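# Coordinates in review
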Amino acid sequence: MTYDVAVIGAGISGAAVARELSRYRLKVLLLEKEAEPAFGVSKSNSGIIHAGTQNPPSSLKGRLCVEGNRLMREELASDLGLNFVQCGQLIVIFDPADLPELEKIKADGERLGVKEMRLVDRAWLDANEPNLGPEVKAALLVPSAGIISPYRFVYALVENAVRNGVHLRTSCPVTAVGRGADGLFALTAGGQRFAARFVVNAAGLRADEVSALAGAPTFTITPRKGEEYLLDRKREHIARHIVFPLPTKTSKGILIIKTSDGNPMIGPTAHDADDKEDLSTSDEGLAEVLAGARRMMPTVSRRDIIAYFAGLRPASGKDFIVRHEDSVPGLVNVAGIQSPGLTAAPAIAVMVAGILADRGLELKPKEDFHRLRPRPVHLFQVPLERTRALIEQDPAYGDIVCRCELVSAQEVRDAIKRGARTLDGIKFRTRAQAGRCHGGFCTTRIMKIMQEELGLAVTEVTKRGPGSELVKEERK
Ligand SMILES: Cc1cc2nc3c(=O)[nH]c(=O)nc-3n(C[C@H](O)[C@H](O)[C@H](O)COP(=O)(O)OP(=O)(O)OC[C@H]3O[C@@H](n4cnc5c(N)ncnc54)[C@H](O)[C@@H]3O)c2cc1C
């Protein structure tokens, strides 16, 4: 099939672009090299829907962040059934002499369109964020910031895009981007050939390589590592807001992060790295994160940490690259999408649609665009009364598979129906295996359900795609 647009990369950027284009009468292809969407940078971040502060007022990322935040609050959270929680953020200072810094952040934010910010004093903080340490003197309150499950955000966009006709191909790494005799792009991906009028490159850490493949070696991506440490759910109420210190030159600093699933997180670090595959964490990273978090909230303890991970921000200079490459007509690069890319993605997608329209792509709205996506059931989020009603309707909701995170067999089956094909895909969609026991109790049960639903042999069940099988051979 010949596509109007081929989107490369099913992280938050590619997913948002595909969903935005699915509003129009277009043939859209979404190509992903991994076994499932959201296995790149979009799975390893803080899950904050930033307000837009801490960005230069003239930056593209600042503008797109504020617009992405607005789209989340006003449309996407309800349209896509997302668990967005608008908890607000505090940027704290330890020295009253830093008040002008907070005032500057507030003024810059206002220039970008961030609303309702105000400076709050220690008395306000004592009443509204009681676990802050004695060193904290004042803060800037930014109410429009919030939290979300980053992978479930990607899955919702992809699911809705597919519902609206987008073709998703996973395990399909793009290895060549040429031109056919007809002038169309000729893509080779996963051993198949695809033709497309336009290509949107949203390949995250590999966006520089994909752009070069297409004939535009115009930028490089430098990974900037961020280590994050997840705390036990028993610390769920440690903070009411997302708590930031003053930003540094390269990052927003070490934060206390509420997450939409309950467990708080501390982090991330921000250090340039050489290796696009190196997701290791380090003793130095842990020490840096603990020191930063404990200065703001001294009750954070190393013993609270139940898991950790690192993510690599795909940085290229200081700002996002969202542009048509004139040297390769029809190629639009969405690259250098470092933080706040998770927030900005829906606004990036609108911008990309505009660039494509300027280049001659006709955007005729579909009459039958399905804007809404029903919210999946997550027992850990529903009140007991609703759980009872669900179990009466379908007893599989009472069959608890993951005890740490309260996930039922029905939720695992539903995740598979919605596209999960790996153990990690099920974990990201449902939280089964994400608790304190790290899947010690539930993994074999989930593997059994995957075998039943997908008709797989046990040796074909993988953690995150080919090469990550858990069982080598089955003894009869
Ligand atoms: C530690 C950390 C914390 C962060 N916190 C936040 C936050 O709180 N809020 C926020 O707004 N942002 C945050 N960010 C930034 C955010 O995570 C990124 O901006 C965003 O995830 C980038 O998404 P993407 O789709 O551009 O890239 P990715 O998610 O990496 O998607 C790119 C996709 O392209 C695929 N791909 C690559 N090469 C090919 C190929 N050749 N063929 C096919 N597919 C290919 C990859 O497999 C991948 O799935 C954070 C980042 C980090 C690292």
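Because the structure is a prediction, the values reported are computed rather than measured. (Residues numbered from 1 in each chain as written. Predicted model: local features only at pLDDT ≥ 70, side-chain atom pairs only at ≥ 80, totals over all residues. Heavy atoms only, no water.)

Turning next to the domain arrangement of the protein. Under the domain assignment, the protein is made up of domain 1 (89-143 + 222-315) and domain 2 (381-460). Here the C-alpha centroids of domain 1 and domain 2 sit 32 Å apart. On the side of domain 2, 6 residues touch domain 1, which itself brings 9 residues to the contact. In this structure, the connection of domain 1 to domain 2 is made through 3 salt bridges. In this structure, the connection of domain 1 to domain 2 is made through 5 residue pairs in polar contact (both at pLDDT 80 or more). For the side of domain 1 that touches domain 2, the per-class residue count stands at 2 nonpolar, 2 polar and 5 charged. (Domains from an automatic or database assignment. Contact = heavy atoms within 4.5 Å. Salt bridge = Lys/Arg side-chain N within 4 Å of Asp/Glu carboxyl O. Polar contact = N/O pair within 3.5 Å; in protein donor to acceptor, adjacent residues only side chain to side chain. Nonpolar A, V, L, I, M, F, W, Y, C, P; charged D, E, K, R; others polar.)

With that out of the way, let us pick up the side chain of Ser44. Mapped onto the elements of the fold, Ser44 is located in the loop between β2 (28-31) and β3 (48-49). Judged by relative accessible area, which is 12%, Ser44 ranks as buried. A polar contact of 3.5 Å, which involves the side chain of Ser44, links it to the side chain of Lys43. Setting aside chain neighbours within four positions, we find Ser44 in contact with Phe309, Ala310 and Gly311. (Helix = DSSP H or I, 4+ residues; strand = E, 2+ residues; numbered from the N terminus. Buried < 20%, exposed > 50% of the residue type's maximum accessible area, 1.4 Å probe, protein only.)

Burial analysis of helix α10 (residues 409-417) places 7 of its 9 residues in the buried class, which makes it a mostly covered element. For α10, the set of buried residues is Ala409, Gln410, Glu411, Val412, Arg413, Ala415 and Ile416. For α10, the secondary structure elements touched by its buried residues are β20 (400-402), β21 (407-408), α11 (423-430) and α12 (443-454). The first or second residue beyond α10 is Gly419, which carries a positive phi of 125°.

Looking at the secondary structure, you find Lys366 in the loop between α8 (341-358) and α9 (384-393). The charged side chain of Lys366 is buried without a salt bridge, its nearest counter-charge being Asp368 at 6.0 Å. Excluding its chain neighbours within four sequence positions, the residues that come into contact with Lys366 are Ser22, Arg23, Tyr24, Arg25 and Asn164. (Lys, Arg positive; Asp, Glu negative; His and termini not counted.)

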